[in-house]
Amino acid sequence: MAEPFLIKMPQLSDTMSEGTIVSWEKAIGDFISRGTVVATVETDKAIMDVEVFREGYLSGPLAAAGSTVPVGTPIATLVPEPAEVGHAAAVSSPAAMAAAPSAAAPPEGQPVLMPQLSDTMSEGTVVSWEKAIGDFISRGTVVATVETDKAIMDVEVFREGYLSGPRVAAGSMVPVGTPIAFLVADASAAKDGVLAAAPSAAPPKAAPPAPAPVPAGSAQPKTRAPAMPHGATPAPRPHKGTATPYARQLAGAHGIDINSLPGTGPGGCITATDVVGAGGGPRVQAKRIFQVPGAGRPMDSMEKAVSQNMEYSLSMPLFRVTVYIDPARLSRAAKDLKASLTVLLAAAAARAIERHPRVNSVYQHEDRIVERDQIDVGLAVETEGMGLVVPVLRNVLKRTIGDLNAQWKDLVVRARLKRLKPEEYSNPTFTISNMGMLGVAQFDAIPVPGTSAIFAIASTQPLGMPVTITADHRIVNGAEAAKFLNTFKALVEDPQWLATSASGAARSLSGGQTMASADPAGAGVLPADTSGYDCDVLVIGGGPGGEDCARELADHGRRVIMVNDAPLPGGECLWRGCIPSKSWRAAADRIRDRRHDADLGVLNTAEPALDWGRLDAMRRRVLTTRGEMALKTDKGVRIDVREGYAYFDSDHSVVIAPADGGSPYERRAPKPGAAGTRITFAGAVIATGAPPFVPPIPGADGKAVLTSDTVWNLDAPPARLVIVGAGAIGLEMAQIFVDFGCVVTVLEARDRVLPEVEGEVATQLAALLAREERLTIVTSAAVRGIDGPPGAAVVRYAAGTSEHTVDADYVLLATGKRPVTGPLALERAGVETERGAIVVNAHCQTNVPHIFAVGDVVGGYMLAHTAGHQGRVAAQTLLGHEAAYDERKDCGVIFTRPQAAFVGLSAEQARAQGHDPAEIKVPFSIDAKAMITGETAGFIKMVADKATRRILGVHFLADHADTLIGSAVLMVSAELTLDQVASAIHPHPTQTELFGDLARRLLARLRRTARVSG
Ligand SMILES: Cc1cc2nc3c(=O)[nH]c(=O)nc-3n(C[C@H](O)[C@H](O)[C@H](O)COP(=O)(O)OP(=O)(O)OC[C@H]3O[C@@H](n4cnc5c(N)ncnc54)[C@H](O)[C@@H]3O)c2cc1C
């Protein structure tokens, strides 16, 4: 037998290093002549054809559609004889499995298979034939309609030919992947006839075979795997080797231990076939079932799906808690807003979940919890003759009532017509079953798989409306359920939140209806009468967090005192952080960019020299000017700015210890317990920042050791610098000093740089930095000690099994920042902390409702814009407006060259949050402007949700990412879709055009893979 020929991922452009399989144009077993296009592949530039220049038969295994394969790696094989075709070889995606026709055409012609139209579909009932025998079928023609477990959907065909029999009769139930008809090349070859026994394990409805009578109580093993339960979670990845996503989904759905399965796919990959078993039978343990006497009739798809889901739910340890709620005010609001009460209940539930997020989590076999940020509420709808259907309102918290209501109306109509798409009824994160209108006194419901809790709402009675939560005890405990119910009760009984909610009426309903308008002077957390206090709100700290908060409150007419322990506002950001570091970066950029001058024909600039004194003078000038401007503005908007150190005296008062001089450039030491002025407040916001963290390294207090607080005092750039830590500050400083001519060694304890940055961005940046002259980065390095004075310091560190030393003039500790809250005496106010950081909710509210905390002091992303945004969130909440901080939309720029930047989620983070993401990237090496300026390193990567096409994140390794990211921030923040970005007009020639290209390419890929997978 001749060796099979490997079809490899071709290099279709200069810059292409990998390609994503968009579609297979030929099936396993097809004869391939020279020049045949067997597949389409997405490169870094476009979707292109993969042509084969040899003859043979296409043989598996095929790389799955959607998979990304490096150039030169096999994606399929060609064999010389049909007999050698690898039919049994598994393809590694459900789409390909569903779409792959059988290898060789049987005598009847090419089969038209029952497609898998949803994750949960295992069989379908042919409802109607839309084409007759002998009709010509072009690609994309709908030949039949099929009833799945929840909807009637079209069967499209992606081949040409004439429809031929035998075909299954309308009404027959057929398993996914089995023939329902055939296509022949010639009209005269089209045959009539019925595929007599539909090859389903379930017999056709029309002629149910009479089962042999079995005595009551006798038990028999089950022989079929149940259909995929609705919303089932995939099994975890196997401990060893790999498994296809579909195999994991099947295994998870059926509770099969994936580790016990042999993998027969490529490289031992466990495939769906392995899960289901070669003979079509499941590898599940035989179950004993109770036999009921009588003939019985086959369940329809809907009945089956419900019973299997419920059977699956039996494995949940459930408990129930009930409260009575007065729904009168919410019902009135629903009438006023012309909105469905059900929608308002869903909105109230989502808000309650926001405060008790555990309810939105779900157990994942066998020792994991999936925590989800997005709240998708399923609402059970009674349909005539079809029982309950549960359409899902997605992302309830982020949408207006008008939007939710409009969608709800549409979903209900289509649910009753059985016209919902799978993504419209699958995978809620919480469910409400409202049977109030059916006059039931009390009931409880069973959470659907994939959720942890469900509300059962019964008819209102003298005590109120009974709301029972049934919850999975593995995830939610009784006290949590009770607290959650009480929050829900409070929201239903006092629906003030509707006035200002992001899901509120004011912005949503057309016709200008509002329930109540938000009081700009504040009916929020602050009491109506604050005259007994020295101020309405005391803000502690004058950095980005405190200052933005104070200005927002002052803008709304509130009496604000801002205490800052420095002569001028601006905090770390202005005096020791963002702004001074960028003044150094700007000088370093000028030096670095000179390297490309000659390429542009600009000569004699190759040897720039740095005048440290001038740079320092410029830096100080900018800082002081900005600080003075800020103070003037603060006073101008009537903030009462006080200089001094504040610490708590009680939950409504602080003491302000007076300042005793010092420069704004230096961080002052705290003054806990010092005498000072007592100030009372109705509300307070803590924005005291976080100083650099100095790890307990022997010698870390030596004179040669600097931090981001003291590095600014250098008289000149040191000749040799060791930086401990390869985070944002460490890498920025490292490259700046390299550009200033220093020899820099970075020692990082972890095995990678920039842990907060998307993996590929960090890896590629590390690779680029490794090529820099004068820069060495050592990862997995444990610093043991620092000795010696400035100019003769020695750093000892261990890497692997060996110990090393490195000489330096100075050592910069860039080992992160940690809040220091002890001196604030928070215990006197009752404010809770966790490992030093103040604990807050999404509204930046601490456990003491009138005390808020923002910025570095609460941990998370320690960035100036995060602090400023949180400051405005706290202010808005204090004022009674709806505002929340959403980390999933936060962003950051690391000012290396090229810059690393991110907004929103990486694909990995998106997956962890329950999305099914797709990602696409474009390298700068193909961009004309980047070529002109010699800035071709790096790429932009866009991550979007496949189902909604919403852009979830954009990641950059790019020069000018600090500017480019602005567009991406708007995409993620405004939840724009690929379609919206694809159709926006981006100016030419700018690199913002790349956003449009990325969106269009990803859309094209999603369209084509969707078409191929049926
Ligand atoms: C070298 C470096 C570079 C950086 N670069 C960037 C960047 O490029 N982009 C970015 O977004 N972020 C950057 N940062 C981070 C940024 O500086 C901080 O995240 C930001 O300043 C935090 O703002 P904040 O308001 O929480 O705290 P701070 O800015 O630290 O302000 C806190 C203020 O509170 C005062 N204070 C503290 N305790 C008291 C008290 N008890 N009473 C009264 N006043 C008190 C302090 O004196 C200070 O003025 C950088 C940081 C460093 C060190």
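Given the structure is predicted, the values throughout are model-derived calculations rather than measurements.

Q: I'd like to hear about the sheet that holds strand E11 (residues 136-137), residue by residue, with values.
A: Overall, antiparallel pairing links the 4 strands, which are arranged E9-E16-E14-E11 in an open sheet. Looking at which strands have only one partner, the edges of the open sheet turn out to be strand E9 (110-113) and E11. By the bridge criterion, 4 bridges tie E9 to strand E16 (residues 179-184) in an arrangement that is antiparallel. Within E16, the position partnered with glutamine 110 by the bridge is leucine 183.

Q: Tell me about the sheet that holds strand E45 (residues 891-894), and please be specific about residues and values.
A: One key point about sheets: their strands pair by backbone hydrogen bonds, in either a parallel or an antiparallel sense. The 5 strands lie next to each other as E45-E46-E49-E48-E47, forming an open sheet whose pairing is antiparallel. Strand pairing shows two members of the sheet lacking a second neighbour, E45 and strand E47 (917-923), which therefore form its edges. Going across the sheet, the axis of each strand differs from the next one's by a mean of 10°, ignoring polarity. Bridge count for E45 against strand E46 (residues 899-904) is 4 bridges, and the pairing is antiparallel. Looking at the pairing, cysteine 891 lines up with valine 903 of E46. Relative to the sheet, helix H16 (residues 759-770) contacts E46, E47, strand E48 (939-945) and strand E49 (951-958), its axis offset from that of E49 by approximately 0°. In the packing of helix H20 (residues 961-973) onto the sheet, the strands contacted are E45, E46, E48 and E49, and the crossing angle to E49 comes to about 175°.

Q: Pulling in residues and values, what's your account of the state of the cysteines?
A: Following the criterion strictly, the structure yields 0 disulfides and no others. This cysteine, cysteine 549, is not joined by any disulfide, and cysteine 844 carries the nearest cysteine sulfur, 9.0 Å off.

Q: Please provide a residue-by-residue account of the pattern of salt bridges, values included.
A: Going through the model one piece at a time under the given rule, you end up with 56 salt bridges. Close ionic contact of arginine 394 with aspartate 376 constitutes a salt bridge, the shortest N to O distance being 3.3 Å. You can see arginine 394 sitting in the loop between strand E25 (392-393) and helix H7 (401-416) and its partner aspartate 376 sitting in the loop between strand E21 (368-370) and strand E22 (377-379), a full 18 residues away along the chain. The residue aspartate 536 makes a salt bridge to arginine 558 at a minimum N-O spacing of 3.2 Å. Residue aspartate 536 is located in strand E29 (residues 535-540), and its partner arginine 558 is located in the loop between helix H11 (544-555) and strand E30 (560-564); the two are separated by 22 residues in the primary sequence. Taking the relative accessible area as the measure of exposure, arginine 558 reaches 11% and is therefore buried. Residues joined in a network through salt bridges with shared partners are Arg585, Asp589, Arg592, Asp593, Arg595, Asp739, Glu772, Arg897, Glu935 and Asp959.

Q: Can you lay out helix H9 (residues 478-493) for me, pointing to particular residues and giving the numbers?
A: Spanning 16 residues, H9 covers 22 Å between terminal C-alpha atoms, matching the ideal 22 Å at 1.5 Å per step. All of the buried residues along H9 are Ala481, Phe484, Leu485, Thr487, Phe488, Leu491 and Val492. The buried residues of H9 occupy an angular sector of 160° when the element is viewed end-on, so they sit on one face. For H9, the N-terminal cap is asparagine 477; the gap from its side-chain oxygen to the backbone nitrogen of alanine 479 is 3.1 Å.

Q: Break down a nonpolar patch on the surface for me, citing the residues and quoting the values.
A: Taken together, the side chains of Leu600, Val602 and Ile932 make up a nonpolar region of the molecular surface, amounting to roughly 280 Å² of accessible area. With respect to the helices and strands, leucine 600 occurs in the loop between helix H13 (578-593) and helix H14 (612-636).

Conventions we followed
Residues numbered from 1 in each chain as written. Predicted model: local features only at pLDDT ≥ 70, side-chain atom pairs only at ≥ 80, totals over all residues. Heavy atoms only, no water. Pairing = 2+ DSSP bridges. Helix = DSSP H or I, 4+ residues; strand = E, 2+ residues; numbered from the N terminus. Axes fitted to C-alpha atoms, helices over the stretch in contact; angles between N-to-C directions. Contact = heavy atoms within 4.5 Å. Disulfide = S-S within 2.5 Å. Salt bridge = Lys/Arg side-chain N within 4 Å of Asp/Glu carboxyl O. Buried < 20%, exposed > 50% of the residue type's maximum accessible area, 1.4 Å probe, protein only. Expected span 1.5 Å × (residues − 1). Arc of directions from axis to C-beta. Polar contact = N/O pair within 3.5 Å; in protein donor to acceptor, adjacent residues only side chain to side chain. Patch = residues over 30% accessible without salt bridge, like charges linked within 9 Å, V, L, I, M, F, W, Y side chains within 5 Å. Areas by Shrake-Rupley, 256 points an atom, 1.4 Å probe, with all protein chains shown as cover.

Coordinates in, geometry out; function isn't part of it.
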